[in-house]
Amino acid sequence: MLILGIESSCDETAASVVKDCREIRSSVISTQIEEHKKYGGVVPEIASRRHCENILGVVRQALDEAQVTLADLDGIAVTYAPGLIGALLVGVSFAKALAMSCGKPLIPVHHIAGHIATNYLTFPELEPPYLCLVASGGHSHIIEVLSYTKFRVVGRTRDDAAGECFDKCARAMGFPYPGGVHVDNAAQSGDSTAFKLPHPAVAGNEYDFSFSGLKTSVINLLHNAEQKGLEVNKNDLSASLQRTISEILTNKTILAAEALGYKKVALAGGVSANSGVRAALSAACKERGFDFYMPEKKLCGDNGAMIACQGSYNFLAGITADESLNAIATLSMEDI
Ligand code: KG4
Ligand code: ZN
């Protein structure tokens, strides 16, 4: 079975061909980071325009590198939600037209389900059920992966996502967009105990996250220092921020795993590339004898292979779309 996956929900135009659910035959990613960097964040209209320019070339290259033609495909999978609406619409319209022109099934994929699927590409033995922490620029979720296509959201962020917190704090420290990776790099030579940052309390669901208080406290700390003419050690602040975010994500995920009886825990999403988060969750799982899974680094950020992989499982479960498929900016995983 050969599935083409197309991703365009944010600032990466990506396409990939995956064989038999888990074998990556090609993976092409065209990133727009350099262009959005000038503005300190993703400019939605620019993102849509670049997707429009790049998508055909990216898909063609993915087919060429996999040495397949459209006729060889069993289906065309595309991210239809959630994400920037104009960006999603480019991928959805393109995938629809392609599916129609070659008479292949169109397969809708939820972006977060795609991130979760990166662990199937990394670990051939991994099968549901398990608990997955998905932390990215737009989402922070604790999810019960009940089957390849059924999910239950156990916890979610009430405000900012973990990646957003990394990026906004990084920006305040003067790092370029997207700042998460710069915080990670700076943290390597910093003292993670130098700054005491808050672990925000969340009333109600104990598995929900809140990162806006943490973000505000880092920004205030920097502003106060600036007003007083004091220098803040960015390595120390990065290390302290990274440790705090890692602790928050790890503590809630372990709490949920223990309460719900999961001994298999996975990590996914752009923030899964963070060395502190990887180390903290992996150590906490090891301590408890849980099996722990995290994607290889090159699959952490947005890519087409994760959409092709999840698309393969959707296809096997009979999840396809007709020509009325639309892009949706906000959609819970439980509503798919
Ligand atoms: O999954 P993703 O590529 O896009 C969304 O679906 O949002 O995630 C991007 C996020 C950004 O916030 C980026 O700063 C963050 O992942 N990120 C990191 C690291 N690498 C990427 N955050 C912290 N440390 C990293 N090494
Ligand atoms: Zn993503």
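Computed from a predicted structure; not experimentally measured.

Calculation criteria
- Residues numbered from 1 in each chain as written.
- Chains lettered and ligands numbered in written order.
- Predicted model: local features only at pLDDT ≥ 70, side-chain atom pairs only at ≥ 80, totals over all residues.
- Heavy atoms only, no water.
- Near = heavy atom within 4 Å.
- Polar contact = N/O pair within 3.5 Å; in protein donor to acceptor, adjacent residues only side chain to side chain.
- Areas by Shrake-Rupley, 256 points an atom, 1.4 Å probe, with all protein chains shown as cover.
- Nonpolar A, V, L, I, M, F, W, Y, C, P; charged D, E, K, R; others polar.
- Domains from an automatic or database assignment.
- Pairing = 2+ DSSP bridges.
- Helix = DSSP H or I, 4+ residues; strand = E, 2+ residues; numbered from the N terminus.
- Axes fitted to C-alpha atoms, helices over the stretch in contact; angles between N-to-C directions.
- Parallel < 35°, antiparallel > 145°, perpendicular 65-115°, else oblique.
- Contact = heavy atoms within 4.5 Å.
- Donors = N, O, S within 2.8 Å, 3.2 Å for Na, K, Ca; no water.
- Buried < 20%, exposed > 50% of the residue type's maximum accessible area, 1.4 Å probe, protein only.
- Core = buried A, V, L, I, M, F, W, Y, C linked by side-chain atoms within 4.5 Å.
- Salt bridge = Lys/Arg side-chain N within 4 Å of Asp/Glu carboxyl O.
- Buried area = accessible area lost by both parts, 1.4 Å probe.

Caption draft 1: Up close: the site of ligand 1. What surrounds ligand 1 is a group of 18 residues, the closest being His115, Gly137, Asp167, Asp184 and Asn274. One of the side-chain N or O atoms of His111 is found 3.1 Å from an oxygen atom in ligand 1. Its free accessible area being 550 Å², ligand 1 has 86% of it covered by the protein chains. A breakdown of the residues in the shell around ligand 1 according to their chemical character gives 5 nonpolar, 10 polar and 3 charged. Taken together, domain 1 (2–116 + 299–335) and domain 2 (128–297) each give at least three residues to the shell around ligand 1, which thus spans both.

Caption draft 2: Spatial organisation of the sheet that holds strand 10 (residues 291–293). Within the open sheet, the 5 strands sit side by side as 8-7-6-9-10. Their pairing is mixed. Among the strands making up the open sheet, the edge pair consists of strand 8 (151–156) and strand 10. Geometrically, the sheet is characterised by an average inter-axis angle of 20° between neighbouring strands, direction not taken into account. The sheet contact formed by strand 6 (residues 130–135) and strand 7 (residues 140–145) spans 6 bridges and is antiparallel. When the sheet's bridge partners are listed, Cys132 is paired in strand 7 with Ile143.

Caption draft 3: Structural view of the packing of helix 5 (residues 162–172) against helix 7 (residues 212–227). In the contact formed by helix 5 and helix 7, the axes pass within 9 Å of each other and the chain directions differ by 5°. Here helix 5 lies roughly parallel to helix 7, going by the angle between them. Side by side, helix 5 and helix 7 meet where Cys165, Lys168, Cys169 and Ala172 of the first sit next to Leu214, Lys215, Val218, Ile219 and Leu222 of the second. Its residues assigned to classes, the contact of helix 5 with helix 7 shows 7 nonpolar, no polar and 2 charged.

Caption draft 4: Just the sheet that holds strand 1 (residues 2–7), in detail. The strand order 3-2-1-4-5 describes an open sheet built from 5 strands, whose pairing is mixed. Looking at which strands have only one partner, the edges of the open sheet turn out to be strand 3 (23–31) and strand 5 (106–110). Across the sheet, the mean angle separating the axes of adjacent strands is 20° when strand polarity is ignored. Across 8 bridges, strand 2 (residues 12–19) lies against strand 3 in antiparallel orientation. In the strand pairing of strand 3, Glu12 is matched with Thr31.

Caption draft 5: Up close: the coordination of the zinc ion (ligand 2). Surrounding the zinc ion (ligand 2) are the protein donor atoms His111 (NE2), His115 (NE2) and Asp302 (OD), at 2.0 to 2.1 Å. One chain supplies every donor for the zinc ion (ligand 2), spaced along it as H-x3-H-x186-D. In this pair, His115 is assigned in helix 4 (residues 111–122) and Asp302 in the loop between strand 10 and helix 10 (304–316), connecting sequence segments 187 residues apart. Asp302 matches His115 in its accessibility class, with the two residues each being buried.

Caption draft 6: The arrangement of the nonpolar core in detail. In terms of nonpolar packing, the biggest core is built from 39 residues, with Ile142, Phe211, Leu214, Leu241, Ile245, Leu249 and Leu281 touching the most fellow members. Mapped onto this core, the elements with two or more residues apiece are strand 6, helix 5, helix 7, helix 8 (234–260), strand 9 (264–268) and helix 9 (275–287). Broken down by element, this core gets its largest block of residues, 8 residues, from helix 8. When near neighbours in sequence (up to four residues on either side) are disregarded, Leu249 contacts Leu133, Ala135, Ala162, Phe209, Phe211, Val271 and Val277. Of all hydrophobic cores here, the second largest spans 29 residues; its members include Val58, Val90, Phe94 and Leu106.

Caption draft 7: Spotlight on the pattern of salt bridges. A complete count under the given rule lists 12 salt bridges for this structure. The salt bridge partner of Glu35 is Arg50, with a shortest N-O separation of 2.6 Å. Taken together, the residues span a long stretch of sequence, with Glu35 in helix 1 (residues 33–37) and Arg50 in helix 2 (residues 44–66) at a distance of 15 residues. Of the charged contacts in the structure, one is a salt bridge between Lys298 and Glu296, with a shortest N-O distance of 3.5 Å. Judged by its relative accessible area of 34%, Glu296 falls in the partly exposed class. Because the salt bridges share partners, they merge into one network encompassing Glu35, Arg50 and Glu53.

Caption draft 8: Geometry of the domain arrangement of the protein chain. Per the domain assignment, the segments of the protein chain are domain 1 (2–116 + 299–335) and domain 2 (128–297). Relative to domain 2, the C-alpha centre of domain 1 lies at a distance of 26 Å. Between domain 1 and domain 2, the residue contacts involve 25 residues of the former and 26 residues of the latter. Of all residues in domain 1, Ile116, Cys300 and Glu334 give up the largest surface area on contact with domain 2, accounting jointly for 30% of the area buried on that side. Where domain 1 touches domain 2, the interface holds 0 salt bridges. Remark: the boundary between domain 1 and domain 2 carries 9 residue pairs in polar contact (both at pLDDT 80 or more). Elements supplying a minimum of two residues to the side of domain 1 that touches domain 2: helix 1, helix 4 and helix 10. It is helix 4 that contributes the most residues to the side of domain 1 that touches domain 2, 4 residues altogether. Grouping the constituent residues of the side of domain 1 that touches domain 2 by class yields 13 nonpolar, 8 polar and 4 charged.

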